[in-house]
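# Breakdown of the fold
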Amino acid sequence: MRKVAVVGAGLTKFVRRSLETGKELSYEASKMALDSCGLTLKDIDCVVFGSAPDAFDGMHMKGEYMLDGSGGFRKPYMRSYVGGGTGVFTPIQGWYHIASGLFDSCLVVCEEKMSTLRPHPQGAFLTIFDHTLERPLEPNLLWIFALEMNRYMHEHGLSKKDIALVSVKNKKNALDHPCALLAQEITVEDVLNSEVLAWPVQRLDVSPITDGAGALVLVSEEKAKQITDKPVWIEGVGWNLETSYWTNRDLYYPKQVEYAARMAYEMAGIKDPRKEINIVEPYDPFDYKELHHLEGLLFCKKGEAPKLTREGVTKRDGDLPVCPSGGLLGVGNPIAAAGLMKICEIFWQLRGEAGARQVPGTPKRGLAQAWGDLMQVGTVIILGR
Amino acid sequence: MELKGIGLEEEIFKISKKSEKSMKMEFKGVSLKESDFKEKKILSLENKPNLKYAWDTGVAIGRFLAELKQGRLIGRKCCKCRRIMIPPRMFCEVCFKPNDEWIYLKDKGTVNTFSICYVSWDMQKLKEPQIPAVIEIEGASKMMGILHLLGEVEPKEVKIGMKVKAVWKEIDKREGAITDIKYFKPI
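Residues numbered from 1 in each chain as written. Chains lettered and ligands numbered in written order. Predicted model: local features only at pLDDT ≥ 70, side-chain atom pairs only at ≥ 80, totals over all residues. Heavy atoms only, no water.

## Looking at the state of the cysteines
- The full count for this structure, using the stated rule, is zero disulfides over all chains.
- Of the cysteine sulfurs around C46 of chain A, a residue in no disulfide, the closest is that of C106 of chain A, at 3.7 Å.
- For C46 of chain A, a relative accessible area of 0% puts it in the buried group.
- Counting only cysteine sulfurs, C78 of chain B is the nearest neighbor of C79 of chain B, a cysteine outside any disulfide, at a range of 6.8 Å. (Disulfide = S-S within 2.5 Å. Buried < 20%, exposed > 50% of the residue type's maximum accessible area, 1.4 Å probe, protein only.)

## Some points on helix α10 (residues 255–268) of chain A
All names here are of chain A.
- An ideal rise of 1.5 Å per residue puts 20 Å on 14 residues; α10 measures up with 20 Å between its terminal C-alpha atoms.
- Within α10, burial applies to Q256, V257, E258, A260, A261, A264, Y265 and A268.
- Looking at the packing, one finds that the buried side of α10 touches β8 (232–241), α11 (273–276), α12 (287–296), β10 (365–372) and β11 (377–384).
- Positive phi appears at G269, one or two residues downstream of α10, with a value of about 70°. (Helix = DSSP H or I, 4+ residues; strand = E, 2+ residues; numbered from the N terminus. Expected span 1.5 Å × (residues − 1). Contact = heavy atoms within 4.5 Å.)

## A look at the interface of chain A and chain B
- At the junction of the two partners, chain A supplies 67 residues and chain B supplies 62 residues.
- Together, the buried faces of chain A and chain B total about 5900 Å²; carbon and sulfur atoms form 65% of this surface.
- Among the residues chain A hides against chain B, the three largest losses belong to R17, L133 and L137 of chain A. Together they make up 12% of the total.
- Linking chain A to chain B there are two salt bridges.
- One salt bridge connects E28 of chain A with K28 of chain B, and the closest N-O pair in it is separated by 3.5 Å.
- The interface formed by chain A and chain B includes 16 residue pairs in polar contact (both at pLDDT 80 or more).
- Counting residues per element, the ones that place at least two in the side of chain A that touches chain B are α1 (22–36), α5 (122–125), α6 (141–156) and β5 (196–199) of chain A. (Buried area = accessible area lost by both parts, 1.4 Å probe. Salt bridge = Lys/Arg side-chain N within 4 Å of Asp/Glu carboxyl O. Polar contact = N/O pair within 3.5 Å; in protein donor to acceptor, adjacent residues only side chain to side chain.)

## Quick word on the sheet that holds strand β6 (residues 108–114) of chain B
- Strand order in the open sheet formed by five strands is β10-β9-β6-β11-β12 (chain B), and the pairing between neighbours is antiparallel. Both outer strands of the open sheet, β10 (145–149) and β12 (181–186) of chain B, are each paired with one neighbouring strand and no more. Adjacent strand axes in the sheet meet at a mean angle of 45°, parallel and antiparallel pairs treated alike.
- Strands in contact with α6 of chain A are β6, β9 (132–137) and β10 of chain B; relative to β6 of chain B, the strand with the most contacts, it is inclined by about 95°. (Pairing = 2+ DSSP bridges. Axes fitted to C-alpha atoms, helices over the stretch in contact; angles between N-to-C directions.)

## Quick notes on the confidence of the model for chain B
- Looking at chain B as a whole, the pLDDT averages 89, with 88% of positions reaching at least 70.
- Low pLDDT, under 50, characterises residues 1–22 of chain B; the stretch is placed with 39 contacts to residues that sit more than four places away or in other chains. (pLDDT = per-residue confidence, 0-100.)

## Re unusual backbone geometry
- Residues R118 of chain A and P119 of chain A are joined by a peptide bond in cis, for which omega reads -10°.
- Of note, P119 of chain A is situated in the loop between β4 (105–113) and α5.
- I86 of chain B connects to P87 of chain B through a cis peptide bond whose omega is -5°.
- With respect to the helices and strands, the residue P87 of chain B is situated in the loop between β2 (84–85) and β3 (91–92).
- Residue L298 of chain A is not a glycine yet carries a positive backbone phi of 70°.
- Structurally, L298 of chain A is set in the loop between α12 and α13 (305–310).
- With a phi angle near 70°, M123 of chain B is a residue other than glycine that sits in the positive phi range.

## Description of helix α3 (residues 58–69) of chain B
Residue and element names in this part refer to chain B.
- With 12 residues, α3 should cover 16 Å at 1.5 Å per step; its first-to-last C-alpha distance of 16 Å lies within 8% of that length.
- Taken residue by residue, α3 has A60, I61, F64, L65, E67 and L68 as its buried positions. Seen from one end, α3 has its buried residues packed into an arc of 160°, which puts them on one side.
- Its buried side turned inward, α3 meets β1 (73–77), β5 (101–105), β11 (163–168) and β12.
- G71 sits one or two positions beyond α3 and adopts a positive phi of about 80°. (Arc of directions from axis to C-beta.)

## Description of a nonpolar patch on the surface
All names here are of chain A.
- A cluster of nonpolar side chains, contributed by M1, M263 and M267, occupies part of the molecular surface with about 310 Å² of accessible area.
- With respect to the element layout, M267 can be found in helix α10.
- Judged by relative accessible area, M267 falls into the partly exposed class, the value being 31%. (Patch = residues over 30% accessible without salt bridge, like charges linked within 9 Å, V, L, I, M, F, W, Y side chains within 5 Å. Areas by Shrake-Rupley, 256 points an atom, 1.4 Å probe, with all protein chains shown as cover.)

## A few points about the side chain of S325 of chain A
Residues and elements named next belong to chain A.
- With respect to the helices and strands, the residue S325 is situated in the loop between α13 and α14 (327–330).
- Take S325: its relative accessible area is 0%, and that puts it in the buried class.
- From its side chain, S325 meets the backbone nitrogen of G327 in a polar contact 2.8 Å long.
- Residues contacting S325, with those up to four places away along its chain left out, are N173, A174, H177, E281, V331, M341, E345 and R357.

## Observations concerning the sheet that holds strand β1 (residues 4–11) of chain A
Residue and element names in this part refer to chain A.
- Taken in spatial order, the nine strands line up as β3-β2-β4-β7-β1-β8-β11-β10-β9 in an open sheet, and their pairing is mixed. With partners counted over all chains shown, the strands left at the sheet margins are β3 (77–80) and β9 (279–281), one partner each. Shown here is a sheet whose adjacent strand axes are inclined to one another by a mean of 25°, direction ignored.
- Examined bridge by bridge, β4 and strand β7 (residues 211–220) share nine bridges and lie antiparallel to one another. Pairing of L107 across the sheet is with V217, part of β7.
- Sheet strands touched by helix α4 (residues 86–99): β1, β2 (46–50), β3, β4, β7, β8, β10 and β11. Its angle to β4, the strand with the most contacts, is close to 165°.
- Of the strands in this sheet, β8, β10 and β11 are in contact with α10, which crosses β8 at around 145°.

## Thoughts on the packing of α4 of chain A against helix α15 (residues 335–350) of chain A
Residue and element names in this part refer to chain A.
- Running from N to C, α4 and α15 cross one another at 65°; their axes reach a closest spacing of 6 Å. The angle between α4 and α15 places the two elements in the roughly perpendicular class. Between α4 and α15, the contacting residues are T86, G87, V88 and P91 on the first element and A336, G339, L340 and I343 on the second.
- Residues that form the contact of α4 with α15 fall into these classes: five nonpolar, three polar and no charged. (Parallel < 35°, antiparallel > 145°, perpendicular 65-115°, else oblique. Nonpolar A, V, L, I, M, F, W, Y, C, P; charged D, E, K, R; others polar.)

## Examining the environment of F56 of chain A
Residues and elements named next belong to chain A.
- Structurally, the position occupied by F56 is in helix α2 (residues 54–57).
- For F56, a relative accessible area of 0% gives the class buried.
- Remark: the alpha-carbon pair of F56 and Q122, spanning 66 residues in sequence, is separated by 9.0 Å.
- Sequence-distant contacts of F56, that is, excluding residues within four places in its chain, are made with K62, E112, K113, M114, T116, L117, P121, A124, F125 and I335.

Shown next as structure tokens:
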């Protein structure tokens with residue numbers, strides 16, 4: 001397999017409802033990514049595009065519809081979708097387009113415009129449940145998170161206070177992100193006093209509905225050396241899916257995330273992620289998910305991620321900065337674009353370009369992870385310089 | 001964070017710091033407000049697709065639903081891995097072979113996890129909270145649960161590990177659906 005580098009990144013602002021259409025958001029992110037490394041669309045061999053359910057847009061085949069905004073016109077082009085895992089899975093597809101030797105450059109674009117769906121974007125998620133056995137019970141998306149969170153808390157005897165710290169940290173980190181939708185200085189008490197939606201999930205445990213897009217430019221080693229003196233290498237990738245019989249497995253631990261991580265660690269030659277990885281951007285659509293994923297990614301033992309958070313290890317200036325971007329909780333959660341935002345963050349952090357969000361020291365290696373479908377998929381990318 | 005910077009890496013880092021100052025990132029994207037639409041500053045078109053589906057129940061779930069109508073829960077057993085599965089399926093996804101026999105299960109089980117839900121999918125406040133739960137069914141393998149609701153219980157009384165029993169609809173009102181069980185209640 002050939003080495004693949006990230007040489008450019010672009011992101012739009014994350015907003016509750018954007019003036020721009022999905023196509024326009026895709027264009028803005030793509031153009032920014034290309035401009036950031038001095039390339040034009042002519043330099044791009046192929047395009048991969050990620051976006052979550054067509055149901056958000058009411059546009060079947062939205063991958064094809066968005067194609068022109070993401071530079072895919074008259075090029076080898078493909079769209080990918082694995083629910084919330086899409087934002088990290090799409091660049092993995094870009095990676096194997098180049099690693100395989102088939103192409104030398106790839107533009108990776110992830111877009112989501114959730115605000116189109118009326119009266120509430122959650123409507124799109126109602127159709128993820130089994131049509132015969134689950135939908136007659138009228139489930140909503142909050143249920144699965146609440147069920148998973150409760151099982152996780154029960155297994156390890158965790159309190160909501162432990163978990164709320166993640167929301168406080170990430171929303172605060174987002175104050176330094178120019179694209180953030182929900183950056184705030186809040187306290188643990190604010191989280192604990194916020195409206196109970198589906199116990200144990202409360203309003204401030206959850207990331208917001210968001211519109212936004214992100215893009216990356218990936219190239220082969222030879223091209224990377226012509227373009228930049230500070231390429232960021234994709235050192236490892238991994239992905240894995242759990243059973244769709246989600247009531248047949250123990251939700252306290254995301255095994256598929258562990259399998260995805262192990263695949264990526266093996267590729268990157270990482271034996272001890274806690275020592276060998278400097279920054280982590282785990283998927284945090286809900287505060288407990290950051291903890292759940294840190295454990296699945298083997299950064300600590302099962303049930304110990306809350307301790308890392310409590311001790312300040314995961315703060316931006318801590319020993320292992322986690323979600324220095326502000327995460328989905330703070331920057332926002334335009335599903336596919338949210339995962340890609342995490343990779344942009346690692347890219348900027350490793351190049352020392354993260355501005356006010358820059359973590360101390362000279363980080364050498366970072367990990368971004370996403371998760372989704374019916375609590376099923378884990379997607380992992382490791383970047384290094 | 002423990003980071004040992006050797007000379008060259010420090011240099012690269014400095015260069016990137018410098019270039020960051022010269023390269024000001026500009027992020028596009030314009031945020032709209034609800035009032036922009038009310039005041040007709042922004043045009044917006046509405047459309048409701050007219051889609052309707054009829055899902056066939058298939059082999060395994062077809063039998064499962066027929067049994068529900070009789071007031072019984074049924075699962076499938078794989079003789080190779082010995083798992084007894086609910087919801088039933090005709091193949092074993094672990095052994096990846098057809099599974100072997102139908103097994104009647106008890107209409108009771110244990111709460112594996114639950115939630116107390118106060119809002120509908122579109123974030124409207126519910127009059128009465130719903131208590132969705134994953135219930136591990138007695139007679140099936142460990143961790144083999146189904147999604148259902150709990151009833152006849154105070155929300156704050158619900159605990160993980162609680163034993164519960166199905167409350168069935170009256171026989172003439174059953175229609176071969178998961179809702180033939182009204183809910184599960186504590187034993």
